[in-house]
Amino acid sequence: MIQPSLTNRALDELCPRCGSADVTSMEELSEIVKTTSYQFAPDIAEWLTAPQSPGRPVPKKRRVALRNSIAFGVAMLAALFVAVFAISGALPGWPIWVIIVTLALSVSTRNWRTESKLAEEEEATLLETHAELYRAFLNRRKVWSRLRYCCKCSMVTDPVTMQTRSLFDVHELANSRIDGASLR
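Residues numbered from 1 in each chain as written. Predicted model: local features only at pLDDT ≥ 70, side-chain atom pairs only at ≥ 80, totals over all residues. Heavy atoms only, no water.

**Some remarks on the packing of aromatic side chains**
Here is step 1: Inspection of every chain in the model, using the stated rule, returns three aromatic pairs.
Here is step 2: Both rings, one in Phe81 and one in Phe85, keep their centres 6.5 Å apart while their planes meet at 15°; by these two values the pair is stacked. Taken as a pair, Phe81 and Phe85 lie in helix 4 (residues 61-88) at a separation of four residues, close to a single helical turn.
Here is step 3: Judged by relative accessible area, which is 24%, Phe81 ranks as partly exposed.
Here is step 4: Seen from their ring centres, Phe81 and Trp97 are 5.1 Å apart, and the 25° between their planes marks the pair as stacked. Here Phe81 is found in helix 4, whereas its partner Trp97 is found in helix 5 (residues 94-146), with 16 residues between them in sequence.
Here is step 5: Here the aromatic cluster, defined as three or more aromatic residues joined through ring pairs, consists of Phe81, Phe85 and Trp97. (Phe/Tyr/Trp six-rings, centres within 6.5 Å; stacked < 30°, edge-to-face > 60°. Helix = DSSP H or I, 4+ residues; strand = E, 2+ residues; numbered from the N terminus. Buried < 20%, exposed > 50% of the residue type's maximum accessible area, 1.4 Å probe, protein only.)

Quick look at the structure:
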């Protein structure tokens, strides 16, 4: 069954299930499937694409925090101005204006500080989540790069863990752990 002229690398390239030497990597299979052919369904090329890197999340709280603080300060300024006008019946003088502006700036600044702390917490959480997703992506890419497809038995094999799945379950293999933990 195994030819003596095969090198060690070629022995690794044999299908562990049927012993066939007609084994291709997932990248090669993806390129073959992308060509127009009667053998493959059109959506199989999309199914056989390698795992994609997760996009970096864009935190929006900091921008929203600034906008909210400015809006809250302007609203506070208007409310205090209307309250003084309603109480006195006339436009406030410059000492009252200074007090109104100082109070509005104080409230706006405190709001900005609170919102900034929340934004920092959100950014830290998003960064931590992204790092976790990226580590999982690197694991999937590592497994994906070593998967082999046997054309004879139509199975995908992980040569390290010796797990075998059908072509349609290939993502289960890619999502499996590197140390060969069994899939459930």
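More follows now that the structure is in view.
**Things to note about the sheet that holds strand 3 (residues 155-158)**
Here is step 1: Across the sheet, which stays open at both edges, the four strands sit in the order 1-2-3-4 with antiparallel pairing between neighbours. Whereas interior strands pair on both sides, the edge strands pair on one side only; in this sheet they are strand 1 (23-25) and strand 4 (163-166). Going from strand to strand, the sheet's axes swing by 30° on average, the running direction of each strand aside. (Pairing = 2+ DSSP bridges. Axes fitted to C-alpha atoms, helices over the stretch in contact; angles between N-to-C directions.)

**Regarding the nonpolar core**
Here is step 1: With 13 residues, the main nonpolar core has Met26, Trp144, Leu147, Val156, Leu167 and Val170 as its most contacted residues.
Here is step 2: At the level of secondary structure, the elements contributing two or more residues to this core comprise helix 2 (26-34), helix 5 and helix 6 (170-174).
Here is step 3: If one sorts the elements of this core by residue count, helix 6 sits on top with three residues.
Here is step 4: Dropping the residues within four chain positions of it, Val156 is found in contact with Met26, Leu147, Arg148, Tyr149, Gln163, Thr164, Arg165, Ser166, Leu167, Val170 and Leu173. (Core = buried A, V, L, I, M, F, W, Y, C linked by side-chain atoms within 4.5 Å. Contact = heavy atoms within 4.5 Å.)

**Notes on the pairing of strand 4**
Here is step 1: Where strand 3 meets strand 4, four bridges bridge the pair, whose relative direction is antiparallel. Each residue of the ladder has a partner; that of Thr157, found in strand 4, is Thr164.
Here is step 2: Between strand 3 and strand 4, which pair antiparallel in sequence order, lie four residues; one of them, Met162, sits at a positive phi of approximately 65°.

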